[in-house]
Structures are given as structure tokens and as C-alpha cells.
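# Structural overview
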Amino acid sequence: MEAQMQALVEQQLMSVAAKVEEQVDDELHRLNNLDGEDIEKLRGDRIKQMKKAAEKRAEWIAKGHGEYREIYTEKEFFAEMKNERRMVCHFFRDNWPCKVMDKHLQALTQKHIETKFVKINAEKAPFLVDRLKIWMLPTLAVVKNEKTTDYIVGFDELGGVDEFPTEVLAMRLGAAGAIEYKEGEEYGTAGYSNKAMLGGNVREQRMSAIRKGGAARDEDDEDSDFD
């Protein structure tokens, strides 16, 4: 019985492999037989894509993306998040953990221009602190389509220490939908000095970030609006 099952599985695998190989061969054949008109069309499509990406980048930059900025009033907070698809706001005060978070966010700002990154002194934003139930600093508020959808509170989700790689924060923000995270992207070593952390601890932090990201606050949560 086991031998029959194994033979059946092998047969199915061979069938799938044959179909994939056939698809690859068909695509190679298509590419090899492109005429001048087809190649020119592909080139034109690629140019359009690049132009569209450049226009989007220019639009983001005009809206303040690409630089990690401090805002000083609650009114500015609402103005900054208006019509933004994604924004991350760091609620901070003048202490070491918040300065560590600043270093990571500075690195992320330059990598992920698709997202706006700002920070505000929590002591100058009592309404927001109360409305968003912020109780520990640093806290990152993820704002999507003018609603807060998730929070990263302190460093517990990032390994529980202040020497964590920027990639761990990037993965957590990616899980929250705050940035377009791509595994393997280089972020440098901002914010941590212990090179040994590039071993197993980082893998544990990555898994923690993924698990925490799954617990992101529902966008329809009544507490996430500013109405």
C-alpha cells in the first residue's frame, strides 16, 4: 500500500514538473521569436512603467516622504496624515530608547519612500496620547488611510533590547502593512552595536515580528478613527 502511494506521489510530481517545464519552454520560445515590433512594444511598456514610478516618487517627495521629520503640534499631525495611504508616527520624548528608535526610522525613511515617517513629542500632544491610548515611549503609531491600525510599543516586539537590527523593525512594519517590506533588503546596522545579534537572536526577533504583525488592530476599530 505504501509503495502504491509513493508511486502515485512520484507520478503526480513528474506530471507537475513536466507542465512547468512545458510552460518555461513556451515562454522561452515566445521570447526567442519576438519580432522588432514586439520588442519595441515591450520597451515602450517598460518606459511607461518607469515614468509612472518616477511620477509617483516625485509625488511622494512633494508630500514630505523620504525625510524623517519632527512635527510640533497635534494640528500638524492631522494635516500630515491627510490623504496619506501609509504613515508612521513616532511618539517620543528625550530619552535613550527614543533616540535608538530615531536611528532606525531614519534608515527606514530613506529606504521606504512609499511611506511617510514623522515624530511628535508626546508631551506636546496630550489629546493624541489620550485618544490613541499611548502609555509607553517610544510608541510607533501606524496610520493607514487616516486611521490608526497598529502600534509598536517599546522594544518588546523587537527582541526586548535596544540593540536590534533595523531589519527586525522593517519586518514588523511590513507585517502591519506600513511599508513594502522585501526580505533580504539591506538596512545597515543603525541602532545596534552587538554584532553577535546577527545570529540566532535575529531569527527569533524576525519570528516575533511576524507573530505580532498578525495581531494588528482592525482598521474598522472604532478607536482607530479621529472623527
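Note: the structure precedes this text.
Structural notes, computed from the coordinates. The structure displayed is predicted, hence computed values, not measured ones.

What follows concerns the nonpolar core. Membership of the largest hydrophobic core comes to 23 residues, with the highest contact counts inside it found for Leu105, Leu108, Phe117, Leu158, Leu169 and Leu173. Sorting the residues of this core by element identifies helix H4 (96–111), strand E4 (139–144) and helix H6 (166–175) as the ones contributing at least two each. With 5 residues, H6 is the single largest residue contributor to this core. Judged by nonpolar contacts, the second largest core, of 16 residues, contains Ile71, Val118, Ile134 and Ala141.

Under the defined criterion, the tally for this structure stands at 3 aromatic pairs. Each residue in the set Phe77, Phe78 and Phe91 is aromatic and connected to the rest through ring pairs, giving one cluster. In this arrangement the basic side chain of Lys119 is found over the ring face of Phe92, its NZ or CZ atom lying 4.9 Å from the centre.

Under the criterion given, the structure shown has 10 salt bridges. The residue Arg69 makes a salt bridge to Glu80 at a minimum N-O spacing of 2.9 Å. Placement of the pair is Arg69 in strand E1 (residues 69–71) and Glu80 in helix H3 (residues 74–81), with a sequence separation of 11 residues. When sorted by exposure, Arg69 lands in the same class as Glu80, which is buried. As a salt-bridge pair, Arg86 and Glu180 come within 3.1 Å of each other at their nearest N and O atoms.

Taken across its 6 residues, E4 has 6 buried, putting it largely inside the fold. Sheet analysis places strand E2 (residues 86–92) next to E4, joined by 6 bridges and oriented antiparallel. Among the inter-strand pairings, His90 is bridged to a residue of E4, identified as Leu140. The pairing of E4 with strand E5 (residues 147–153) spans 6 bridges and is classified as antiparallel. Considered in E5, the bridge of Val143 is made with Thr148.

Attention shifts here to the side chain of His104. Following the sequence through the fold, His104 ends up in helix H4. In this structure the side chain of His104 is engaged in a polar contact, spanning 2.8 Å, whose partner is the side chain of Thr166.

About the criteria used
- Per chain, residues are indexed from 1 in the order of the written sequence.
- Residues qualify for local features only when their pLDDT is at least 70, as the model is predicted, and side-chain atom pairs are given and counted only at 80 or more; totals for whole chains, interfaces and linings, by contrast, use all residues.
- Hydrogen atoms and water are omitted, and side-chain values are computed over all heavy atoms in the structure.
- For our purposes a nonpolar core is just a set of buried Ala, Val, Leu, Ile, Met, Phe, Trp, Tyr and Cys residues, chained together by side-chain atoms within 4.5 Å.
- For every residue, the accessible area obtained with a 1.4 Å probe (protein chains only) is divided by the maximum for its type, and the residue is called buried under 20%, exposed over 50%, and partly exposed between those limits.
- Each helix is a run of DSSP H or I of at least 4 residues and each strand a run of E of at least 2, with the numbering of both proceeding from the N terminus.
- Pairs were defined over the aromatic rings of Phe, Tyr and Trp, the Trp ring being its six-membered one, requiring ring centres within 6.5 Å. Orientation was assigned from the angle between planes: stacked under 30 degrees, edge-to-face over 60, tilted for the rest.
- Distance and angle both matter: a charge sits over a ring if NZ of Lys or CZ of Arg is within 6 Å of the ring centre and within 35 degrees of the ring normal.
- When a carboxyl oxygen of Asp or Glu is within 4 Å of a side-chain nitrogen of Lys or Arg, the pair counts as a salt bridge.
- Paired strands are those between which DSSP finds at least two bridges.
- We call two N or O atoms a polar contact when they sit within 3.5 Å, provided that within protein one can donate a hydrogen and the other can accept it, with sequence-adjacent residues counted only if both atoms are side-chain atoms.

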